[in-house]
Amino acid sequence: MRDDLLDPRAVLLHESAPDREAAIRRCGQVLVEVGAVAEPYIDAMVERERTISTYVGEGVAIPHGTAASKEDIKRDAICFVRFPGGVDWDGEQVTVCVGIAAREGGHVPLLAALAEILLDPGRARTLREAADIQQVIKELT
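Residues numbered from 1 in each chain as written. Predicted model: local features only at pLDDT ≥ 70, side-chain atom pairs only at ≥ 80, totals over all residues. Heavy atoms only, no water.

Asker: Looking at this structure, how should I read the sheet that holds strand β1 (residues 11-12)?
Answerer: Strands belonging to one sheet form pairs held by backbone hydrogen bonds; the direction of such a pair is parallel or antiparallel. Spatial strand order, β1-β4-β5-β3-β2: five strands in an open sheet with mixed pairing. Looking along the sheet, the strands with just one partner apiece sit at the ends: β1 and β2 (55-57). Relative to strand β4 (residues 77-89), β1 is paired through two bridges, and the arrangement is parallel. Across the sheet, residue Leu12 finds its bridge partner in β4, namely Val81. The sheet contacts of helix α1 (residues 20-33) involve β1, β4 and β5 (92-101), and relative to β4 the element is tilted by about 160°. (Pairing = 2+ DSSP bridges. Helix = DSSP H or I, 4+ residues; strand = E, 2+ residues; numbered from the N terminus. Contact = heavy atoms within 4.5 Å. Axes fitted to C-alpha atoms, helices over the stretch in contact; angles between N-to-C directions.)

Asker: Got a minute to help me understand the pattern of salt bridges in this structure?
Answerer: A side chain of one charge can pair with a side chain of the opposite charge if their charged atoms are brought near each other. According to the stated counting rule, one finds ten salt bridges in the structure shown. Residue Arg25 is joined to Glu21 by a salt bridge in which the shortest nitrogen-to-oxygen separation is 2.9 Å. With Arg25 and Glu21 both in helix α1 and four residues apart, this pair spans about one turn of that helix. A relative accessible area of 31% places Arg25 in the partly exposed class. Taking the shortest distance from any N to any O, the salt bridge between Arg26 and Glu33 comes out at 3.7 Å. (Salt bridge = Lys/Arg side-chain N within 4 Å of Asp/Glu carboxyl O. Buried < 20%, exposed > 50% of the residue type's maximum accessible area, 1.4 Å probe, protein only.)

Asker: How should the nonpolar core be read in this particular structure?
Answerer: The tendency in soluble globular proteins is for nonpolar side chains to be buried as a group. In terms of nonpolar packing, the biggest core is built from 48 residues, with Leu31, Ile78, Phe80, Val136 and Leu140 touching the most fellow members. Put simply, the parts of the chain that give this core at least two residues each are β1, α1, α2 (40-51), β3 (60-61), β4, β5, α3 (107-118) and α5 (133-140). Among the elements that take part in this core, β4 stands out by supplying eight residues, more than any other. (Core = buried A, V, L, I, M, F, W, Y, C linked by side-chain atoms within 4.5 Å.)

Purely geometric stuff here, so don't read any function into it on its own.
Now the structure itself:
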């Protein structure tokens with residue numbers, strides 16, 4: 001995965017959220033804060049989740065916006081937000097959210113690359129337990 005996609009400021013290891021929507025909104029806010037997306041993208045991420053769950057297994061969800069939200073994306077980026085206490089994701093416990101902003105079909109190869117990393121039990125465990133931001137960046141890029 002391209003190493004310019006993950007800004008170190010977009011790696012948060014100690015977040016908490018009362019529910020799935022709050023977790024998704026936190027991811028969206030991080031993407032706004034690093035200049036990757038405009039504010040309306042956050043609602044598009046929530047809307048996408050209502051259509052289809054972004055839970056992928058191994059305690060990981062990959063929230064992203066709808067096709068209609070592409071104009072709200074300023075540049076391709078990901079964020080890594082960890083919820084050590086877990087978030088109920090429609091019956092599954094999610095501890096890691098990797099938010100995606102990608103234009104022009106860029107989300108498909110990005111999702112595939114992320115899935116390959118995150119569905120490897122060893123690598124997923126490393127990410128769930130990472131002690132510092134550099135460890136996360138190294139594992140994802």
